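Descriptive structure summary
Here is how the chains run, residue by residue.
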Amino acid sequence: MKSKLEQIRKDAIKAFEQATDPKTIEKLEKQFLGRKAELARIAKDIKKIAKDKRPEIGKLINEVKRDIASAVNKQRATSSAGASQTSSKFDYTLPGIAPATGHLHPITQFLEKIEDIFIKMGYEVVEGPELEDQKYNFDLLNVPEDHPSRDIQDTFYVSREDKKGRPYVLRTHTSPVQIRALESRKPPVRLLVPGRVFRNERTDAGHETTFYQCEALVIDKNIRVTDLIGTLELFIKRLYGDDVKIRVRPHFYPFTEPSLDVDMSCLLCGGKGCSFCKQSGWIETLGAGMVHPNVLKNMKVDPKEYSGFAFGLGIDRLMMLYYGVDDIRLSYSGDLRFIEQF
Ligand code: PHE
């Protein structure tokens, strides 16, 4: 019996030493240590062995089992180490996969350029709510209840109502923030108000129901129209370069008096006239004016002591000119093929 066990041990260790692939190792493990293996049969039949020999044989059975088990483990370790060295297809010299990172939307990037220019001129950047009370969006800005400009600025209404039973509106411009900001400030002020605004528009390449504006408000002693025009000229030149010219035309806004519309020379044709500027050489850029005395009063500012100017820029169109985008709707499409170009 002893020699038989020794033979099994020798055979097993030799067999494992020659086995290299995991499948053979598994087969051999079953053959030598499985339930139907000779070793198992001997262990089961131990009762048939003379009582005085049993301890010795039992001990030898355990030893053989242990030795075979360690041969299995050893062989398994070397075969898997070998496999990972020889069969791996990983090429360590290939460049890595760059992690996908996002970035700011082109409108935000462009807004930050504008903010930089005004912050350098000493302006404070403030924001206001997108859902507005009609009092702020129209009344306090000197827009009478039945004024036609309320139709031009038709927008989205929500079911929440103000004290007069009028629905709240998605703000049609950033001008209401002029009033809100002066509730907690006293002149002199220099404010810049970027933000999202909403109008009932039929969308096309140049119009969206949602777009961005940037409002500026300056109130101090002796602020004049020339301060407004000088500021606008400096701003446009800092943004688009010294070659760009501006021109002002009289206009009407209820919240400014006098009111101006400001154009800049077309960036695409340099003012000669092209299809983008409808052959005029000029591009409508912003609305502006001197803050109306009624609006100053609504801000609790004395029009005899203070004066101010305000202007509102449409950000989207200026951004499109800056980057050469030809359809405003791309901005809000969420299409990565567009976004990833910036
Ligand atoms: N709020 C005006 C608009 O959206 C723009 C504007 C702002 C005009 C400030 C004059 C002064 O059309």
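What you are looking at is a predicted structure, and each value in this text was computed from that prediction instead of being measured.

**Concerning the pairing of strand β6 (residues 210-220)**
Counted residue by residue, β6 has nine buried out of eleven residues, so it is predominantly covered. By the bridge criterion, ten bridges tie strand β5 (residues 189-198) to β6 in an arrangement that is antiparallel. Each bridged residue has a counterpart across the sheet, and for Pro 194 the counterpart in β6 is Cys 214. Relative to strand β10 (residues 307-314), β6 runs antiparallel, the two being bridged by eight bridges.

**Looking at the sheet that holds strand β4 (residues 167-170)**
The strand order across the open sheet built from three strands is β2-β4-β3, with neighbouring strands paired in antiparallel fashion. A single partner strand is all that each edge strand has here, and the edge strands are β2 (131-132) and β3 (157-161). Where β2 and β4 come together, two bridges link them in antiparallel fashion. Note that in β4 the partner of Glu 132 across the bridge is Val 169.

**So, the pattern of salt bridges**
The tally for this structure, following the rule as stated, stands at 22 salt bridges. Here Arg 9 ties to Asp 67 by a salt bridge, and the two come within 2.6 Å at their closest N and O atoms. Taken as a pair, Arg 9 in helix α1 (residues 2-18) and Asp 67 in helix α4 (residues 54-86) lie far apart in primary sequence, 58 residues in all. Taking the relative accessible area as the measure of exposure, Arg 9 reaches 15% and is therefore buried. Residue Asp 67 is classed as partly exposed on the basis of its relative accessible area, which comes to 23%. Note that Arg 329 is salt-bridged to Asp 327, the shortest N-O span being 2.9 Å.

**Focus on the site of the ligand**
The local shell around the ligand holds 14 residues, among which His 173, Ser 175, Arg 199, Gln 213 and Glu 215 are the closest. Between the ligand and the protein, one listed contact pairs a nitrogen atom with a side-chain N or O atom of His 173 at 2.9 Å. Within the side chain of Ser 175, one N or O atom sits 2.9 Å away from a nitrogen atom of the ligand. Expressed as a share of its isolated accessible area of 330 Å², the protein-covered part of the ligand is 93%. Breaking the shell around the ligand down by element, the ones donating at least two residues are β6, β9 (282-291) and β10. For the shell around the ligand, the element with the most residues is β10, which contributes three residues. Looking at the shell around the ligand residue by residue, the class counts come to five nonpolar, seven polar and two charged.

Each value, and the rule that gives it
Residues numbered from 1 in each chain as written. Predicted model: local features only at pLDDT ≥ 70, side-chain atom pairs only at ≥ 80, totals over all residues. Heavy atoms only, no water. Buried < 20%, exposed > 50% of the residue type's maximum accessible area, 1.4 Å probe, protein only. Helix = DSSP H or I, 4+ residues; strand = E, 2+ residues; numbered from the N terminus. Pairing = 2+ DSSP bridges. Salt bridge = Lys/Arg side-chain N within 4 Å of Asp/Glu carboxyl O. Near = heavy atom within 4 Å. Polar contact = N/O pair within 3.5 Å; in protein donor to acceptor, adjacent residues only side chain to side chain. Areas by Shrake-Rupley, 256 points an atom, 1.4 Å probe, with all protein chains shown as cover. Nonpolar A, V, L, I, M, F, W, Y, C, P; charged D, E, K, R; others polar.

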